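# Residue-level structural notes
If you want the building blocks of each chain, they are given just below.
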Amino acid sequence: MAEQAIVRPTFAARYRKILLGGFAVILFFAAWQAIFLFVPFNPLFISKPSLIAAGLVDLIGSGDLFHDLAVSAVPFFIGLAAAVIVGVPLGIVMGWRPRVGYALDPLMTVFYASPLVALAPLLVIFFGVGVSGKAVIVFVLAVFPFIFNAHAGVRAVDQLLINVVRSLGGGEWDLYRMVIFPSVLPYIVASSRIAVGRALIAVLVGEFFAASEGIGYAISRFGDIFALDRMFGCILVVMVIAVVLTEGIRWAERAAFPWRTRQ
Amino acid sequence: MAETQTLDARVAALGGADAAPHRSLWRRIEPAAWGAGSFLVLLLVWQFVPYFVPLKPGTRLFFTVPSRVAATLWQMIVSGSLWAPLGVSATAFAIGLAIAIVVGLPLGILIGRSSLLNAMFDPFITAFNATPRLVFLPLLMLWLGIGLWSKVAIVFIGALFPLLINTYEGVRNGDKLLINVVRSFGAKEWDIARLVVVPNALPFIVVGLRLAIGRAVLGVVVSEFFGSQEGLGVVMVRAASGFQVDVVFAGLIVFAGLSLLMTGLVKLVEDRMTRWRPEHVNAP
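Predicted model, so just to flag it, every value in this text is computed and none were measured.

Calculation rules
Residues numbered from 1 in each chain as written. Chains lettered and ligands numbered in written order. Predicted model: local features only at pLDDT ≥ 70, side-chain atom pairs only at ≥ 80, totals over all residues. Heavy atoms only, no water. Helix = DSSP H or I, 4+ residues; strand = E, 2+ residues; numbered from the N terminus. Buried < 20%, exposed > 50% of the residue type's maximum accessible area, 1.4 Å probe, protein only. Contact = heavy atoms within 4.5 Å. Areas by Shrake-Rupley, 256 points an atom, 1.4 Å probe, with all protein chains shown as cover. 1 Å grid on protein atoms, 1.4 Å probe; cavity = no way out; pocket = protein on both sides within 12 Å on 5 of 7 lines; lining within 4 Å. Points joined across faces, edges and corners; volume = space filled by probe spheres on them. Nonpolar A, V, L, I, M, F, W, Y, C, P; charged D, E, K, R; others polar. Axes fitted to C-alpha atoms, helices over the stretch in contact; angles between N-to-C directions. Parallel < 35°, antiparallel > 145°, perpendicular 65-115°, else oblique. Left-handed = near helix turned anticlockwise from the far one by under 90°. Core = buried A, V, L, I, M, F, W, Y, C linked by side-chain atoms within 4.5 Å. pLDDT = per-residue confidence, 0-100. Buried area = accessible area lost by both parts, 1.4 Å probe. Salt bridge = Lys/Arg side-chain N within 4 Å of Asp/Glu carboxyl O. Phe/Tyr/Trp six-rings, centres within 6.5 Å; stacked < 30°, edge-to-face > 60°.

Summing up its helical and strand segments, chain A has 10 helices and 0 strands in all. Across the 263 residues that make up chain A, the buried fraction comes to 42%. Partitioning the contacts of chain A with sequence separation of at least 6, the portion at a separation of at least 24 is 73%. Accessible surface computed for chain A: about 13,600 Å², of which carbon and sulfur atoms make up 71%.

Counting across every chain of the model gives 1 cavity of 30 Å³ or more. By volume, the largest cavity is sized at about 60 Å³. Lining the largest cavity are Ile 201 of chain A together with Pro 132, Arg 133, Leu 134, Ile 154, Leu 218, Gly 219 and Val 222 of chain B. Examining the composition of the lining of the largest cavity, we find that 3 residues originate from one element, helix H10 (residues 189–226) of chain B, more than from any other. For the lining of the largest cavity, the class distribution of residues is 6 nonpolar, 1 polar and 1 charged.

Residues and elements named next belong to chain B. Between helix H9 (residues 176–184) and H10, the shortest axis-to-axis distance is 10 Å and the interhelical angle comes to 150°. As the angle between them shows, H9 and H10 are arranged roughly antiparallel. For the pair H9 and H10, the sense of crossing is right-handed. Contacts between H9 and H10 involve Leu 178, Ile 179, Val 182 and Arg 183 from the former and Ile 192, Leu 195, Val 196 and Val 197 from the latter.

Before going further, it helps to spend a moment on the packing of helix H8 (residues 148–172) of chain B against H10 of chain B. Residues and elements named next belong to chain B. Remark: H8 packs on H10, axes separated minimally by 7 Å, with the N-to-C direction vectors making an angle of 160°. Between H8 and H10, the angle falls in the class roughly antiparallel. Viewed along their axes, H8 and H10 form a crossing whose handedness is right-handed.

Residues and elements named next belong to chain A. Phi is positive for Phe 226, close to 60°, though the residue is something other than glycine. Position of Phe 226 relative to the elements: it lies in the loop between helix H9 (215–224) and helix H10 (228–256). Classification of Phe 226 by relative accessible area gives partly exposed; the value is 36%.

Among the nonpolar cores identified, the biggest contains 122 residues, and Met 231 and Ile 235 of chain A together with Leu 134 of chain B are the most heavily contacted of them. Residues contacting Met 231 of chain A, with those up to four places away along its chain left out, are Ile 219, Phe 222 and Gly 223 of chain A together with Pro 138, Leu 139 and Leu 142 of chain B.

Our focus in this paragraph is helix H5 (residues 120–127) of chain A. The complete set of buried residues in H5 of chain A reads Ala 120, Pro 121, Leu 122, Leu 123 and Val 124 of chain A. Phi turns positive one or two residues past the end of H5 of chain A, at Gly 128 of chain A, with a value near 90°.

Here we take up the confidence of the model for chain B. All names here are of chain B. With 87% of its residues at a pLDDT of 70 or more, chain B has an overall mean of 81. Of all helices and strands in chain B, the one with the weakest mean pLDDT is helix H1 (residues 2–15) (45), whereas helix H5 (residues 83–113) scores best (91). Low pLDDT, under 50, characterises residues 1–20; the predicted model gives this stretch 6 contacts beyond four residues in sequence or across chains. Confidence over residues 279–284 falls short of pLDDT 50; this stretch has 3 contacts with residues more than four positions distant or in other chains.

Here the focus is the interface of chain A and chain B. On the chain B side, the residues contacting the 50 residues of chain A number 52 residues. Of the roughly 4,800 Å² buried where chain A meets chain B, counting both sides, 82% is carbon and sulfur surface. Ranking the residues of chain A by area buried against chain B places Tyr 102, Pro 115 and Leu 122 of chain A at the top, with a combined share of 12%. Residue Glu 30 of chain B is joined to Arg 99 of chain A by a salt bridge in which the shortest nitrogen-to-oxygen separation is 2.5 Å.

This part covers the environment of Ala 84 of chain B. Residues and elements named next belong to chain B. Along the chain, Ala 84 turns up in helix H5. Overall, Ala 84 belongs to the exposed group, its relative accessible area being 58%. With 148 residues separating them along the chain, Ala 84 and Leu 232 place their C-alpha atoms 8.4 Å apart.

Per the stated rule, a full pass over the model turns up 11 salt bridges over all chains. Taking the shortest distance from any N to any O, the salt bridge between Glu 247 of chain A and Arg 250 of chain A comes out at 3.3 Å. With Glu 247 of chain A and Arg 250 of chain A both in helix H10 and 3 residues apart, the pair spans about one turn of that helix. The exposure class assigned to Glu 247 of chain A is partly exposed, which follows from its relative accessible area of 27%. By relative accessible area, Arg 250 of chain A is classed as partly exposed at 32%. Between Glu 189 of chain B and Arg 113 of chain B there is a salt bridge, with the nearest N and O atoms lying 2.7 Å from each other. Of the two residues, Glu 189 of chain B is situated in helix H10 and Arg 113 of chain B in helix H5; the sequence distance between them amounts to 76 residues. What makes Arg 113 of chain B buried here is its relative accessible area of 8%.

Turning to the packing of aromatic side chains, a few remarks are in order. Between two aromatic rings, the relevant description is the distance of the centres plus the angle of the planes. Enumeration over the complete set of coordinates arrives at 16 aromatic pairs over all chains. Between the aromatic rings of Phe 111 of chain A and Phe 144 of chain A, the centroid separation amounts to 6.2 Å while the plane-to-plane angle is 50°, which identifies the pairing as tilted. Taken together, the residues Phe 111 of chain A in helix H4 (residues 98–113) and Phe 144 of chain A in helix H6 (residues 131–155) connect sequence positions 33 residues apart. Arranged with centres 5.1 Å apart and planes meeting at 40°, the rings of Tyr 112 of chain A and Phe 148 of chain A form a pair that is tilted. With a gap of 36 residues between them, Tyr 112 of chain A in helix H4 and Phe 148 of chain A in helix H6 connect regions that are remote in the sequence. What makes Tyr 112 of chain A partly exposed here is its relative accessible area of 32%. Members of the aromatic cluster, joined through ring pairs, are Phe 28, Phe 29, Trp 32 and Phe 232 of chain A together with Phe 124 and Trp 143 of chain B.

Shown next as structure tokens:
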């Protein structure tokens, strides 16, 4: 308990954390592998790390994994891009024009709070099982974090800066370009972290419903044929992608907006 | 209208200093009026779209109007066809959320108090929190079948992490001075948790609970879409494939209403708890 007296984490303390974390992960996989020395192993219901690794190597070697990932990535990025293009301007206008904010804020809150995934069956039937259906689900789930964060970002804009631009003769467009957008940017990056998580859910929902390829389809198909090693492999791949995306954005936030790191 | 005015006047009187006397009635109700107006406009436009835009027969299959959704919802409530599936969904929700609370709070406190456990659990928490829990659904269906328990498991995984992470943050936020004072008076770790850490973390925990409820509702919906035989989500999927669009929307309204109701109640508790906090003064 003595370590708690150190307020600022030293380099050694951070090093210790990474070491311990890595050790825990290795321990977890080792225990997973070792437990089947004592417990009978049923490949229909559980797999072990050695088999999962072999299955993954197999999937990578045959190119199936990258094909499925590429198929899933297309609607993911299209939907996310559409969410940014629609959500950010809408949020900015809602924050900057009070009446638009009054009118749309309750509506957006209700949409955001309701489990919009529930519309997925309709969207899939309406837009088809291809790229467009999935992209629309991604858009519907991912757009709200952008709207709300852009809205919050505009309301946090420094009034002084606005007054300065106005006194120097700046118009409405100059305000957007020079003050509002730069100060909203950190909020947008923060919201993209949330949106990416929701977009991943959306892609999986779309592919579980109806698809013939894609990583979500691969997981449910390997489950259906009891190929547990490959199924675990694909699940691990999705986990790694999710961690890399969210932690990558977190890292970018720290690198680009260091003044916001500690809220 | 007159009643609203007197009520507003009384609220203003109670509010004292921060209620500006010169603000007219319109200024005070303007945000609410715009909000209600936009709802009304949306509903009206939606209702009257079929009168202005000629719909192709194919599109009409997917189209419904608010009045029909309302009628369907009312029909489901009156005939009782809503309650049995809703009960099934609510059971999975309640059990999953309860297990998440029972596991999440102690684990969060433990991880918050011990830097060793914190370092060791951190990779797993980060990984499971970032991963869409839906990815585990096929696996859970294999293990637990397509009944109640795979739903409970999805709800549990979804609700656990907001609770765990918020509890952890709340514990870390604990006042070191208070902990040291209690410890100098001979308190054990259990007393520290009971007297300082948990009361201090409570507002954080309540926020975590609010997030957890949202995720739990989502978990119920999603798991019923793919791996279930009964429940409101199942009713919605069957309706969607039978082109009964109004049933889908009625189900969505029920889920959204319950979600808003529960998070609203927790928000009330949250506001009561955080009222004394200085930063709350600046909040809108």
